[in-house]
Amino acid sequence: MDPIGEFLLTLLHGVTNTHLLHWLETDYGKHRTLGKFYVKLQDATDELAEAIMGCYDIKPTFPQTYYHPAENGEHELMALKDYVEKNRVNLPQDSAIQTLVDSVMTEIDRALFLIRLK
């Protein structure tokens, strides 16, 4: 399995899943947070993918699997955070790439903060 393809596809599943959860969320603040998050995650994933492909002149191979959304936005964000923390070691370790991964983590952490506000 291609770890880069798996990582990028997992982030894209995060985009799709938080978009779906955004549609289903009845709390307006959480709805807005998820709505802003999936757009930012999509942009951050695109930047990361293009940087890796440009730097290493590679085209990842993507798995043909999809994981379904968690029961709510907070759980989805926590699952995504856990995945990124555990699997970032499978990506190139140069600072330019890892800085982009840090940007993904920042967006997840910011969304978690906002979604937990009462």
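The structure contained in this document is the topic of the report that follows. It should be emphasised that the depicted structure is a prediction, and the values quoted were computed from it without experimental measurement. (Residues numbered from 1 in each chain as written. Predicted model: local features only at pLDDT ≥ 70, side-chain atom pairs only at ≥ 80, totals over all residues. Heavy atoms only, no water.)

## What about the overall build of the protein?
And then number 1: Tallying secondary structure elements over the protein gives four helices and zero strands in all.
And then number 2: The helix and strand sequence of the protein, counted from the amino end, reads α-α-α-α.
And then number 3: A globule of 118 residues ought to have a C-alpha radius of gyration of about 13 Å, and the protein, at 14 Å, matches this closely.
And then number 4: Seen through its principal axes, the protein has C-alpha atoms that stretch 45 × 30 × 20 Å.
And then number 5: Counting only residues that meet the buried cut, the protein has 41% of its 118 residues in that class.
And then number 6: In the protein, of all internal contacts separated by at least 6 residues, the share reaching a separation of at least 24 is 78%.
And then number 7: Accessible area of the protein: about 6900 Å², with a carbon and sulfur share of 56%. (Helix = DSSP H or I, 4+ residues; strand = E, 2+ residues; numbered from the N terminus. Rg over C-alpha atoms; globule rule 2.2 N^0.38 Å. Buried < 20%, exposed > 50% of the residue type's maximum accessible area, 1.4 Å probe, protein only. Contact = heavy atoms within 4.5 Å. Areas by Shrake-Rupley, 256 points an atom, 1.4 Å probe, with all protein chains shown as cover.)

## Regarding helix 3 (residues 73-87)
And then number 1: Taking 1.5 Å as the rise per residue, helix 3 with 15 residues should run 21 Å; its terminal C-alpha atoms sit 21 Å apart, in good agreement.
And then number 2: Taken residue by residue, helix 3 has G73, E76, L77, L80, K81, Y83, V84 and N87 as its buried positions. Each buried residue of helix 3 sits inside an arc of 165° when the element is viewed along its axis, so together they form one side.
And then number 3: In this fold, the buried residues of helix 3 make contact with helix 1 (3-24), helix 2 (28-56) and helix 4 (95-115).
And then number 4: Sitting at the head of helix 3, N72 places a side-chain oxygen 3.1 Å from the backbone nitrogen of E74. (Expected span 1.5 Å × (residues − 1). Arc of directions from axis to C-beta. Polar contact = N/O pair within 3.5 Å; in protein donor to acceptor, adjacent residues only side chain to side chain.)

## Details of a negative patch on the surface
And then number 1: Together, D43, D46, E47 and E50 make up a negatively charged patch on the protein surface.
And then number 2: Tracing the sequence through the fold places E50 in helix 2. (Patch = residues over 30% accessible without salt bridge, like charges linked within 9 Å, V, L, I, M, F, W, Y side chains within 5 Å. Salt bridge = Lys/Arg side-chain N within 4 Å of Asp/Glu carboxyl O. Lys, Arg positive; Asp, Glu negative; His and termini not counted. Charge placed at Lys NZ, Arg CZ, Asp CG, Glu CD.)

## Quick look at the nonpolar core
And then number 1: Grouped together as the largest cluster of nonpolar side chains are 28 residues, with contacts concentrated most on F7, L11, L48, V84 and I108.
And then number 2: Every element with two or more residues in this core is listed here: helix 1, helix 2, helix 3 and helix 4. (Core = buried A, V, L, I, M, F, W, Y, C linked by side-chain atoms within 4.5 Å.)

## Topic: the packing of helix 2 against helix 4
And then number 1: Interhelical geometry of helix 2 versus helix 4 gives an angle of 175° and a closest axis separation of 9 Å. It follows from the interaxial angle that helix 2 and helix 4 lie roughly antiparallel. Between helix 2 and helix 4, the contacting residues are K30, T33, L34, F37, K40, L41, A44, E47, L48, A51, I52 and Y56 on the first element and I97, L100, V101, V104, E107, I108, R110, A111, L114 and I115 on the second.
And then number 2: Counted by class, the contact of helix 2 with helix 4 contains 16 nonpolar, one polar and five charged residues. (Axes fitted to C-alpha atoms, helices over the stretch in contact; angles between N-to-C directions. Parallel < 35°, antiparallel > 145°, perpendicular 65-115°, else oblique. Nonpolar A, V, L, I, M, F, W, Y, C, P; charged D, E, K, R; others polar.)

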